[in-house]
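If you want the building blocks of each chain, they are given just below.
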Amino acid sequence: MMKHFVTQAIEEKKDLIVNVSDQIFDFAEVGFHEFKTADLYEKVLKEEGFQVEMGLAGMPTAFKAAYGEGKPVIGLLAEYDALPELSQIGGCTERKPRPEDPNPDGHGCGHNLLGAGTFAAALAMKKYLEENPGKGTVVLFGCPSEEKGNGKTIMARDGIFDGVDAALTWHPMAVNEAWTVSTLANVSVFFRFKGVTAHAAAAPEQGRSALDAAELMSVGVNYLREHIIPEARIHYAYRDVGGIAPNVVQGRSCVHYFVRAPKSWQVQEIYKRVIDVAEGAAKMTGTEMTYELYAGLSDYIPNKVLTTVMHEYMNEVGAPEYDEDDFAMARKFLLETSTESELEAKKANFRKMFGADKLDEVLEHPIHTSILPLDWHGAPMAGSTDVGDASYVMPTAQLTMATSTLGTASHTWQFTAHGNTPMAHKGMLTAGKVLAMTGIRLFEDQELLAKAREEWMAETGGVYECPIPKEVKPRLNE
Ligand SMILES: [Zn+2]
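Because the structure is a prediction, the values reported are computed rather than measured.

Here is what the cut-offs are and how they apply
Residues numbered from 1 in each chain as written. Predicted model: local features only at pLDDT ≥ 70, side-chain atom pairs only at ≥ 80, totals over all residues. Helix = DSSP H or I, 4+ residues; strand = E, 2+ residues; numbered from the N terminus. Rg over C-alpha atoms; globule rule 2.2 N^0.38 Å. Buried ≥ 20, exposed ≤ 12 C-beta atoms within 10 Å, placed from the backbone. Contact = placed C-beta atoms within 7 Å. Core = buried A, V, L, I, M, F, W, Y, C linked by C-beta atoms within 7 Å. Domains from an automatic or database assignment. Nonpolar A, V, L, I, M, F, W, Y, C, P; charged D, E, K, R; others polar. Pairing = 2+ DSSP bridges. Axes fitted to C-alpha atoms, helices over the stretch in contact; angles between N-to-C directions. Expected span 1.5 Å × (residues − 1).

Turning our eyes to something else, we now look at the overall build of the protein chain. Of the regular secondary structure elements, the protein chain holds 15 helices and 11 strands. Taken over C-alpha atoms, the radius of gyration comes to 24 Å for the protein chain, in line with the 23 Å a tight globule of 478 residues would show. Seen through its C-alpha atoms, the protein chain measures out along the principal axes to roughly 85 × 55 × 45 Å. Residues counted as buried form 51% of the 478 residues belonging to the protein chain. Of the contacts made within the protein chain by residues no fewer than 6 positions apart, 82% connect residues no fewer than 24 positions apart.

One recurring pattern in soluble globular proteins: nonpolar side chains tend to sit buried together. If you look at the biggest cluster of nonpolar residues, it comprises 107 residues, and the most contacted ones within it are Leu76, Ala124 and Met125. For Leu76, the contacting residues outside a window of four places in its chain are Thr118, Ala121, Ala122, Val138, Leu140, Phe141, Leu168, Thr169 and Leu435.

Before going further, it helps to spend a moment on the environment of Leu293. Following the sequence through the fold, Leu293 ends up in strand β10 (residues 288-297). Once the C-alpha coordinates of Leu293 and Cys143 are considered, the two residues, 150 residues apart in sequence, prove to be 21 Å apart. With sequence-adjacent residues up to four places away left out, Leu293 is seen in contact with Val187, Val189, Ile468, Pro469 and Val472.

Right, let's get into the domain arrangement of the protein chain. Its domain assignment divides the protein chain into domain 1 (2-183 + 299-322 + 367-460) and domain 2 (185-296). Taking only C-alpha atoms, the centre of domain 1 and the centre of domain 2 are 38 Å apart. Domain 1 puts eight residues into the contact, and the matching count from domain 2 is eight residues. Class assignment of the residues belonging to the side of domain 1 that touches domain 2 gives a composition of one nonpolar, six polar and one charged.

This part covers the sheet that holds strand β4 (residues 137-142). Ordered by their spatial adjacency, seven strands build an open sheet running β1-β2-β4-β3-β5-β11-β6, and the pairing between neighbours is mixed. The open sheet has two edge strands with one neighbour each: β1 (51-56) and β6 (177-178). Sheet analysis places strand β3 (residues 73-78) next to strand β5 (residues 166-173), joined by three bridges and oriented parallel. By the bridge assignment, Leu76 is partnered in β5 with Leu168. The strands touched by helix α3 (residues 35-47) within the sheet are β1, β2 (59-68) and β4, with β2 carrying the most contacts at an inclination of about 15°. Each of β2, β3, β4 and β5 touches helix α4 (residues 111-131); the most contacted strand, β3, lies at about 155° to it.

A separate point is helix α2 (residues 14-27). Taking 1.5 Å per residue as the helical rise, α2 with its 14 residues ought to reach 20 Å, and the 20 Å between its terminal C-alpha atoms agrees with that figure. Those residues of α2 that fall on the buried side of the exposure criterion are Ile17, Val18, Val20, Ser21, Ile24, Phe25 and Phe27. Its buried side turned inward, α2 meets α3, α4 and α14 (422-444). Backbone geometry just downstream of α2 places Ala28 in the positive-phi region, at approximately 45°.

With that out of the way, let us pick up the environment of Ala348. Tracing the chain through its elements places Ala348 in helix α10 (residues 340-354). Separated by 105 residues in the primary sequence, Ala348 and Gly243 have C-alpha atoms spaced 48 Å apart.

Under the 1.5 Å per step criterion, the end-to-end length of helix α8 (residues 304-317) is 20 Å for 14 residues, consistent within 8% with the ideal 20 Å. Restricting attention to buried positions, one finds in α8 the residues Leu306, Thr307, Val309, Met310, His311, Tyr313, Met314 and Val317. In this fold, the buried residues of α8 make contact with α1 (2-11), β5, β6, β11 (396-402), α14 and α15 (446-460). Backbone geometry just after α8 places Gly318 at a positive phi near 80°.

This is the structure we're talking about:
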């Protein structure tokens, strides 16, 4: 019944949804520069009868589009930023940037599809609310700059999600799966040392070396690593070594640190200890230390109640139906764009996923056509996402849907190349259907929503400490 309603609602808007996704594929705008993209969403959402507010939390390309009235308020999280240097002709199995387009960037993470898939869900949920007025409100949140991090973090910090009862989203990927694993929390920080320059031979006693301070900080952090949880990671890069002349005492230096850990509070604890080490290095060298938090993300907390329901709808809707053209394209991507060692690694992975006896069939039809079972025991994903910050301020669930050939990693030209193909469109529309069914269920089932919120409260205590302090503004021009 609901499946039929949602399928019809999305199928009748299919051309619009696909067109939005394909236009954004061509715009390929990187984080905080998604101006044409935001304009397009403003136009189509207004035409579809949503109330649109552009520019949120100091970010011109953030927006929200609402339809309906009253509680519950169900949010959909759209992303739409591209990645640098990944321009690629869609569907082309050779590395070829889009011709006659000076923009070198491309949708290497499929965020054109991500945004348009949530747009699809918003349209179907709006249609439901038109026919069932008073059942609640759907809000599509346009969340900029996921790749550079922080769109949603700043939105969460500045209260943009206040009053939202639950949020749903998805990510284009190579497999169909409800997202059950957490992601790592992190902070990204610049440590700057200020010393005194001097002639290194004639008057070294006058100098205070900022480079020495940076080096001693590295030594200190290396010792610190033994005394933190093994799941944490601390990486660093020298951003400024203070000059190239050995015979001048370096008066300035800058080191860029990342601290990652499974939980946000663990990151904060380790971050404080890294600051202590930096202060120690400054003391040892007679230099001055300042630090600047560049970015930060919270870990993702998958809401089990919502994710379980989402998974049931994934099974009900099923994977998209692919045709021989889709499989032919996928075979080309798999067999012609992988190196020999990559192909061997992919085969090993397919054997593990599907069983050795299925390998020939998978190589013949390398698109994921089933739904993976729910698995709550997976290790946290090694990366980070700002959906984590959303999950701290409201119960959040997401899924992945196959929009690319099995074995294709995101952030590659091959992943970009899938982004406007019929295969990807099918995955996007299917994701939209599952999100809409989950959203409509929440309009209808207050008990389910209450359970989801109970779980979220138990996980977070209803407390969100944003890793980015209030005074740090979004970095719009980087
Ligand atoms: Zn992404």
